[in-house]
Amino acid sequence: MGRREDTRQRLFDAAITLIAERGYSATTVDDIAAAAGVAKGTVYYNFTSKPELFTELLRHGIGALTTELRAAAEGLSGPDGVHAVATAQLRYIQRYQPFAQLLMAEMWRPNREWAPTLHALRDEAVTAIAEVIQRGVDAGEFDRRVDVRFGASALFGVVLAVALDWLVYSPDRSLEDVREDLLMIVDARLR
């Protein structure tokens, strides 16, 4: 990773953590710079504004999640594919809990200037899940009555909510334990 990429990653990490803890409005560029260990001017050198930093943070985080979902489901369909994407999303949220908290909060605020970008990015992640479900429907592994797009959206939201609930309220449970309980419910609904 080059110096500029390293700086941008530190800014992303600082922004994610602070915004998840305090909220977007209560987090200043000065706070982000201090937490990243850089001068305020460095923030503006890398991003023209706080909203641009936040928009790029969303692009970065959801883009990485979508990449992981697609990689996990490569060549899979039916229950195996759904299990793979749900597991990949749980693992991603476990690694990036502050980002997941921020994502959960921002998805329900349609009046923000980055809302169209967030909507499009969320759509990419949901599409990655929908492709797996559609392969399962096409192969006869899932009920043909399944609304693929709605099912994918529901799975994305359920995994996000379950993962955050687990990490905040039951952090002593293992990922495998949470995964097994979640997948029992998912399996019951798709068949």
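Residues numbered from 1 in each chain as written. Predicted model: local features only at pLDDT ≥ 70, side-chain atom pairs only at ≥ 80, totals over all residues. Heavy atoms only, no water.

**Student:** What's the story with the packing of helix α1 (residues 3-22) against helix α4 (residues 50-73) in this structure? I'm lost.
**Tutor:** Each pair of packed helices gets described by two things: the angle between the helix axes and the distance between those axes. For the pair α1 and α4, interaxial distance at closest approach is 10 Å and the crossing angle is 100 degrees. If you check the angle between α1 and α4, you find them roughly perpendicular. Across the interface between the two elements, Gln9, Phe12, Ala15, Ile16 and Ile19 of α1 pack against Leu53, Phe54, Glu56, Leu57 and His60 of α4. Along the lines of polarity and charge, the residues of the contact of α1 with α4 split into seven nonpolar, two polar and one charged. (Axes fitted to C-alpha atoms, helices over the stretch in contact; angles between N-to-C directions. Helix = DSSP H or I, 4+ residues; strand = E, 2+ residues; numbered from the N terminus. Parallel < 35°, antiparallel > 145°, perpendicular 65-115°, else oblique. Contact = heavy atoms within 4.5 Å. Nonpolar A, V, L, I, M, F, W, Y, C, P; charged D, E, K, R; others polar.)

**Student:** So what exactly am I meant to see when it comes to helix α6 (residues 97-106) here?
**Tutor:** Buried within α6 we find Phe99, Ala100, Leu102, Leu103 and Glu106. The arc that holds every buried residue of α6, seen down its axis, measures 160 degrees, which confines them to one face. (Buried < 20%, exposed > 50% of the residue type's maximum accessible area, 1.4 Å probe, protein only. Arc of directions from axis to C-beta.)

**Student:** Please explain the packing of aromatic side chains as it appears in this structure.
**Tutor:** One pair of aromatic rings is described through two measures. These are the centre distance and the angle between the planes. Under the counting rule described, the total for this entry stands at five aromatic pairs. Each ring, one from Phe54 and one from Trp114, has its centre 4.3 Å from the other, and the planes form 55 degrees; the classification is tilted. Placement of Phe54 in helix α4 and of Trp114 in the loop between α6 and α7 (115-138) is noted, with a sequence separation of 60 residues between them. Taken together, the aromatic side chains of Tyr24, Phe54 and Trp114 make up a single cluster linked through ring pairs. Just above the ring of Tyr24 sits the side chain of Lys50; from NZ or CZ to the centre is 4.2 Å. (Phe/Tyr/Trp six-rings, centres within 6.5 Å; stacked < 30°, edge-to-face > 60°. Lys NZ or Arg CZ within 6 Å of the ring centre and 35° of its normal.)

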